[in-house]
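Fold and contact review
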Amino acid sequence: MDLLNGRLKLRHLVLVAAIADHGSVLRASEHLHLAQPAVTRSLREVEGILGVELFTRSSRGVTPTVFGEAFIEHARSVLAELRRAGERITGLADADVGTVTVGTLLAGSGMLLPRAIAALKRDRPGITVVVREATFDFHVPRVMDGEIDLIVGRLNPIQDQPGLRQIGLCAERVRLVARPEHPVRDLAAPTLADLLDHPWVLPLEQTALRRELTGAFRAQGLETPTNLVECTSILTVCALVRDTDMIAALPEHAAATDAGVEPLPVELEGVHQEIGVTLPDQRPLTPSARLLLRHLEEQARHYTG
């Protein structure tokens, strides 16, 4: 199938991506400021060009077919590359403007990313920085398709991701924390086993920190806490620790920046955190992303956690 013969248009890619993002033709038409019949007609047009159905319709909206999922993935990739091309040309023409989109993790960026962003904004106030917090697994496909420029945070294994590379920046200690009045502090020499009598807040199972914490429990013959909340929002974790008897494992900076969260005198054996940047291996960074990376490297040289 030759899609480069002029029949498939850029507007078709925008349309299909919008329908997928919004889950219905009506909401996509509102987002695109088009009449619903025009969006329906264009969708039929692109399905006619491809010779397959991209969405199944129901009373609750639309769902991508297997063909739709494949085409949507490529449509988003093409649109992301076009956005990046525009940002790159804009950046080359005027280094004072541009956008950089950063994926960040719960156990990762600490104060490093905010310091780097502040330094970047001092130098180039016209650059817009977009920060999105999620798990590493969530960010990876968005880095691959260009929706996110780079991931800043705890370095995760990427052996099964040949399209990525990593730059190590610095290290930060992970500490067990609780509120200052937590009853475990009444113990003379609390152990990890003593902490299992209390509820916990842990990262999601698919995170590297969760896997290392599970390993730390097993190394002492303990099971992972069953009375727990799984959370990747550092604000929510700190609020739960501050306001309840929950225990959490957080980067050291979190305890230093929240008066209601303090480290416990229990060491985590085998839990190490290296902070760095995960980025595309082959695709060059935009000028704005390169500037942020430069500030991250500079701030890392003075980072103390």
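Note that this is a predicted model, so its numbers are computed, not measured. (Residues numbered from 1 in each chain as written. Predicted model: local features only at pLDDT ≥ 70, side-chain atom pairs only at ≥ 80, totals over all residues. Heavy atoms only, no water.)

**Some thoughts on the pattern of salt bridges**
Note the threshold: We define a salt bridge as a contact between a side-chain nitrogen of Lys or Arg and a carboxyl oxygen of Asp or Glu at a distance within 4 Å. For the purposes of this entry, the term helix denotes a DSSP run of H or I that reaches at least four residues, the term strand denotes a run of E that reaches at least two, and both are numbered from the N terminus. We call a residue buried when its accessible area falls under 20% of the maximum for its residue type, exposed when it is over 50%, and partly exposed in between, using a 1.4 Å probe and counting protein chains only.
Counting across every chain of the model gives twelve salt bridges. The partner of R179 in a salt bridge is E181, with the nearest N and O atoms 3.6 Å apart. Note that R179 is salt-bridged to D245, the shortest N-O span being 2.7 Å. Residue R179 is found in the loop between β7 (174-178) and α7 (192-195), and its partner D245 is found in the loop between α9 (234-243) and β10 (247-251); the two are separated by 66 residues along the sequence. Residue D245 is classed as partly exposed on the basis of its relative accessible area, which comes to 27%. Through salt bridges with shared partners, a single network forms among E47, E53 and R57.

**What about the UniProt feature "domain: HTH lysR-type" (unreviewed entry) in the protein chain?**
Put simply, the rule reads: UniProt positions are given in the numbering used here, feature names are shortened, and annotations may be inferred rather than shown by experiment.
Residues annotated by UniProt as "domain: HTH lysR-type" (unreviewed entry) correspond here to residues 8-65. The annotated region residues 8-65 carries 62% helix and 14% strand content, and the separation between its end C-alpha atoms amounts to 19 Å.

**Some details on the sheet that holds strand β8 (residues 200-202)**
Spelled out, the test is: Paired strands are those between which DSSP finds at least two bridges. Every residue pair with non-hydrogen atoms within 4.5 Å of one another is taken to be in contact. Geometry is summarised by axes, namely lines fitted to C-alpha atoms with helices restricted to the contacting stretch, and by angles between N-to-C directions that run from 0 to 180 degrees.
In spatial order, the strands read β9-β8-β10-β7-β11; together these five strands make up an open sheet with mixed pairing. Among the strands making up the open sheet, the edge pair consists of β9 (228-230) and β11 (262-263). The pairing of β8 with β10 spans two bridges and is parallel. Residue pairing across strands places V201 opposite A248, the latter belonging to β10. Where helix α8 (residues 208-219) meets the sheet, it contacts β7, β8, β9 and β10, and its direction lies at approximately 130° from that of β8. Lying on the sheet, α9 is in contact with β7, β8, β9 and β10; it crosses β10 at an angle near 140°.

**Quick look at the sheet that holds strand β3 (residues 98-104)**
Spatial strand order, β4-β3-β5-β12-β6: five strands in an open sheet with mixed pairing. Every other strand in the sheet has two partners, leaving β4 (127-133) and β6 (164-171) as the edge strands with one partner each. For this sheet, the mean angle separating the axes of adjacent strands, direction not counted, is 25°. One ladder, built from seven bridges, connects β6 with strand β12 (residues 274-280); its direction is antiparallel. Within the sheet, the bridge partner assigned to C170 lies in β12 and is I275. Packed on one face of the sheet, helix α5 (residues 112-123) meets β3, β4, β5 (150-154), β6 and β12 and runs near 165° to β4. Most of the contacts of helix α6 (residues 136-144) go to β5, to which it runs at about 155°, and overall it touches β3, β4, β5, β6 and β12.

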